[in-house]
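One-letter residues, chain by chain:
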Amino acid sequence: MLIFNHQPGRDVRNNVTGFILQNVSPTPRRGIDMTQEQQTVDLPRSVFTGLAEARGGAVTGNVLGVINYTTECTGPRVENGRLTLDLHMAADAGEAFAEVWTTGREVVTGEHHGVVYAHDGEYLLVAGRIAPAGRYTEDTRAAYVAALDLMDTLGYKNCFRMWNFINDINADNADGLEVYRDFCKGRAEAFELFHFGDSEVPSATGIGSLGGGIAFYFLASRSAALTSVENSKQMAAYHYPRQYGPRPPKFARATYLATTHTDRRSGQIYVAGTASIRGHETLHAGDIEAQVKLSLDNIEHLISDENLAAYEITQGNSLHNLDNIKVYVRHRSDIPAVRRMCEERFSPNAHIQYLNVDVCRADLLVEIEGIVA
Ligand SMILES: C=C(O[C@@H]1C=C(C(=O)O)C=C[C@H]1O)C(=O)O
């Protein structure tokens with residue numbers, strides 16, 4: 001059973017949640033384990049490639065997983081020994097691409113309460129899917145619980161990045177609640193069950209998709225050092241006021257991942273989906289160019305030494321250090337203008353994918369994410 005949904009006589013929520021409540025201990029999730037303080041670990045890598053190349057094994061090294069941004073949502077599954085998830089994020093085959101995650105060690109795959117995973121002793125990739133439904137809170141909670149329980153069970157407690165692809169993200173659910181807000185409720189409840197403090201939630205993307213209910217994939221580490229980073233010019237999403245839904249979106253603006261607990265100069269920065277928001281408000285409704293500019297300005301500030309000083313991180317980053325970039329654009333006709341503006345500010349060597357999907361607030365036209373690697 002690889003898709004979460006409610007069927008008469010089989011209540012995934014009660015099964016999974018009941019199991020968890022007996023097993024979760026209320027200990028802090030993170031914190032420096034002194035035995036690990038000086039330990040050095042490698043950092044995970046991802047590349048964008050064509051679907052056929054990813055399938056044909058053109059990517060060398062140990063593959064943690066293949067995420068296909070393609071024309072239908074299937075999986076997650078283990079295919080040719082690799083965790084594979086197909087997301088419905090492309091209108092046709094010409095737009096499709098694969099994101100391949102690689103690691104330095106041998107990878108083992110498996111399945112746990114409906115989620116599929118791959119791990120190498122240091123990093124865990126876990127993927128799941130929730131079937132299309134009239135309501136999502138309970139299935140989201142159950143699916144997240146399965147994934148978070150897996151992290152605890154296998155010992156990958158440092159979850160540093162989550163991606164969520166939500167079909168009909170701005171539509172109303174069966175109760176008149178926006179689907180995105182319905183999803184946020186289930187996610188917040190799952191984090192609560194696992195005693196995640198607000199500053200322990202990972203960076204994330206919560207974005208529209210073209211079909212398939214809700215699909216997700218998460219990355220977690222066993223011993224890499226992790227710091228959640230906020231943007232001093234934006235309100236932390238987990239503090240958004242009630243007007244944005246019954247439970248706020250629980251994610252960090254970025255996560256800083258380093259090879260040792262003392263390294264504050266050469267880590268990776270996983271930048272969450274970033275939009276035209278200051279404080280908690282959407283700015284420039286209806287103006288695509290102004291929204292692109294503010295999204296880029298937000299990322300530029302987020303990864304700057306000025307913002308990172310609060311975390312004692314000094315890397316001298318600019319937008320030229322961002323790579324593995326995804327730009328989500330609500331209206332296809334806006335893509336040429338968005339592309340031109342992004343190319344002006346990102347490095348000419350950056351790998352950038354443009355996707356035509358809805359964004360989590362009806363007034364947002366664009367959103368951008370990436371990695372300083
Ligand atoms: C654009 C925003 O949120 C979006 C939704 C997210 C989520 O719910 O996980 C994470 C980042 C963005 O994809 C925002 O609130 O700034």
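For clarity, every value in this text was computed on a predicted model and none was experimentally measured.

Engineer: Any chance you could break down the site of the ligand for me, citing the residues and the numbers?
Structural biologist: In the vicinity of the ligand lie 14 residues, with Tyr180, Arg187, Tyr240, Arg253 and Glu367 positioned nearest. The contact in question runs from an oxygen atom of the ligand to an N or O atom on the side chain of Glu367, over 2.4 Å. Here the ligand has 390 Å² of accessible area as a free molecule, and 100% of this is covered by the chains. Among the elements of the structure, α4 (179-193) and β10 (203-209) are those that each provide at least two residues to the shell around the ligand. Along the lines of polarity and charge, the residues of the shell around the ligand split into eight nonpolar, three polar and three charged.

Engineer: Can you explain the sheet that holds strand β14 (residues 268-274)? Please cite residues and give values.
Structural biologist: Read from one edge of the open sheet, six strands run β12-β13-β14-β19-β17-β18, paired in mixed fashion. Looking along the sheet, the strands with just one partner apiece sit at the ends: β12 (225-229) and β18 (352-356). Taken over all neighbouring pairs, the strand axes of this sheet differ in orientation by 15° on average, direction set aside. Strand direction decides the pairing type here: strand β17 (residues 322-329) and β18, joined by five bridges, are parallel. When the sheet's bridge partners are listed, Tyr328 is paired in β18 with Leu355. Across the face of the sheet, helix α5 (residues 288-302) comes into contact with β12, β13 (254-258), β14, β17 and β19 (366-372) while running at roughly 25° to β19. Strands β17, β18 and β19 of the sheet are contacted by helix α7 (residues 335-345), whose axis makes an angle of about 155° with β18.

Engineer: Give me the lowdown on α7, citing residues and values where you can.
Structural biologist: Among the residues of α7, those classed as buried are Ile335, Ala337, Val338, Met341 and Cys342. The buried side chains of α7 occupy one side of the element, clustering within an arc of 160° when seen end-on. Those residues of α7 that are exposed and angled more than 90 degrees off the buried face are Pro336 and Glu344.

What counts, and where the lines are drawn
Residues numbered from 1 in each chain as written. Predicted model: local features only at pLDDT ≥ 70, side-chain atom pairs only at ≥ 80, totals over all residues. Heavy atoms only, no water. Near = heavy atom within 4 Å. Polar contact = N/O pair within 3.5 Å; in protein donor to acceptor, adjacent residues only side chain to side chain. Areas by Shrake-Rupley, 256 points an atom, 1.4 Å probe, with all protein chains shown as cover. Helix = DSSP H or I, 4+ residues; strand = E, 2+ residues; numbered from the N terminus. Nonpolar A, V, L, I, M, F, W, Y, C, P; charged D, E, K, R; others polar. Pairing = 2+ DSSP bridges. Axes fitted to C-alpha atoms, helices over the stretch in contact; angles between N-to-C directions. Contact = heavy atoms within 4.5 Å. Buried < 20%, exposed > 50% of the residue type's maximum accessible area, 1.4 Å probe, protein only. Arc of directions from axis to C-beta.

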